[in-house]
Amino acid sequence: MSKAVAIRIDEELKQQAEQTLDEIGLNMTTYITSSLKALVREQRVPFELMTKQPTNEMYLTKLDDALDSLVNSGGYEYLGKGKDGFAKFGDTPVKATL
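Residues numbered from 1 in each chain as written. Predicted model: local features only at pLDDT ≥ 70, side-chain atom pairs only at ≥ 80, totals over all residues. Heavy atoms only, no water.

Quick look at the environment of K88 now. Among the secondary structure elements, K88 is positioned in strand 2 (residues 87-93). With 10 residues separating them along the chain, K88 and Y78 place their C-alpha atoms 6.1 Å apart. Sequence-distant contacts of K88, defined by excluding residues within four places in its chain, comprise E77, Y78, L79, G80, K81 and G82. (Helix = DSSP H or I, 4+ residues; strand = E, 2+ residues; numbered from the N terminus. Contact = heavy atoms within 4.5 Å.)

Here L49 shows up in the loop between helix 2 (28-42) and helix 3 (56-72). As for L49 and Y31, which are separated by 18 residues in sequence, their C-alpha atoms are 9.8 Å apart. Excluding anything up to four places from it in sequence, L49 contacts I24, L26 and Y31.

Quick look at the confidence of the model for the protein chain now. Parts of the prediction with low pLDDT should not have their coordinates interpreted in detail. With 89% of its residues at a pLDDT of 70 or more, the protein chain has an overall mean of 82. When pLDDT is averaged over each element of the protein chain, helix 1 (residues 11-24) comes out on top at 95 and strand 2 at the bottom at 73. (pLDDT = per-residue confidence, 0-100.)

Here we come to helix 2. Compared with the 21 Å implied by 1.5 Å per residue over 15 residues, the 21 Å span of helix 2 between its first and last C-alpha is a close match. Near the N-terminus of helix 2, the side chain that reaches the backbone nitrogen of T29, with its oxygen 3.2 Å away, is that of N27. Downstream of helix 2 by one or two residues, Q43 has phi in the positive range, about 60°. (Expected span 1.5 Å × (residues − 1). Polar contact = N/O pair within 3.5 Å; in protein donor to acceptor, adjacent residues only side chain to side chain.)

Relative to the helices and strands, L67 resides in helix 3. Note: C-alpha distance between L67 and Y78 (11 residues apart in sequence) is 7.1 Å. When neighbours within four sequence positions are excluded, L67 is seen to be in contact with Y78 and F89.

Turning to unusual backbone geometry, a few remarks are in order. Most peptide bonds adopt trans geometry, and most residues besides glycine take a negative phi value. Unusually for a residue other than glycine, Q43 sits at a positive phi of about 60°. Counting through the fold element by element, Q43 comes out in the loop between helix 2 and helix 3. For Q43, a relative accessible area of 66% corresponds to the exposed category. (Buried < 20%, exposed > 50% of the residue type's maximum accessible area, 1.4 Å probe, protein only.)

Another point: the pattern of salt bridges. Within the structure shown, the criterion is met by three salt bridges. In this structure, K14 engages E18 in a salt bridge whose closest nitrogen and oxygen atoms are separated by 2.9 Å. Highlighted residues: K14 and E18, both in helix 1, separated by four residues, approximately one helical turn. Judged by its relative accessible area of 29%, K14 falls in the partly exposed class. Judged by relative accessible area, E18 falls into the partly exposed class, the value being 34%. R41 serves as the salt-bridge partner of E42, at 3.5 Å between the closest nitrogen and oxygen. In the salt-bridge network here, residues are joined through shared partners; they are R41, E42 and R44. (Salt bridge = Lys/Arg side-chain N within 4 Å of Asp/Glu carboxyl O.)

What follows is the structure, encoded as structure tokens:
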């Protein structure tokens, strides 16, 4: 069963929030319900919603960080991209130096 909840919020903030949620494709009720369910499930504020899409540069930076971590932890040596565009790795694990 659903219960109505009334909150007081600054009118300008409410309008800005509704505009942002509209750009994301949500309404205020869906957003608040999703937020509360996630809060209870994860015992923290667990997610981020944004109107801007991540850029390729952001993904490439994350990939570089992941590859560095892999090599530094004794993973396989990253040899770069092959002619087919796929990542190439060495045949034997790289020893981690401490």
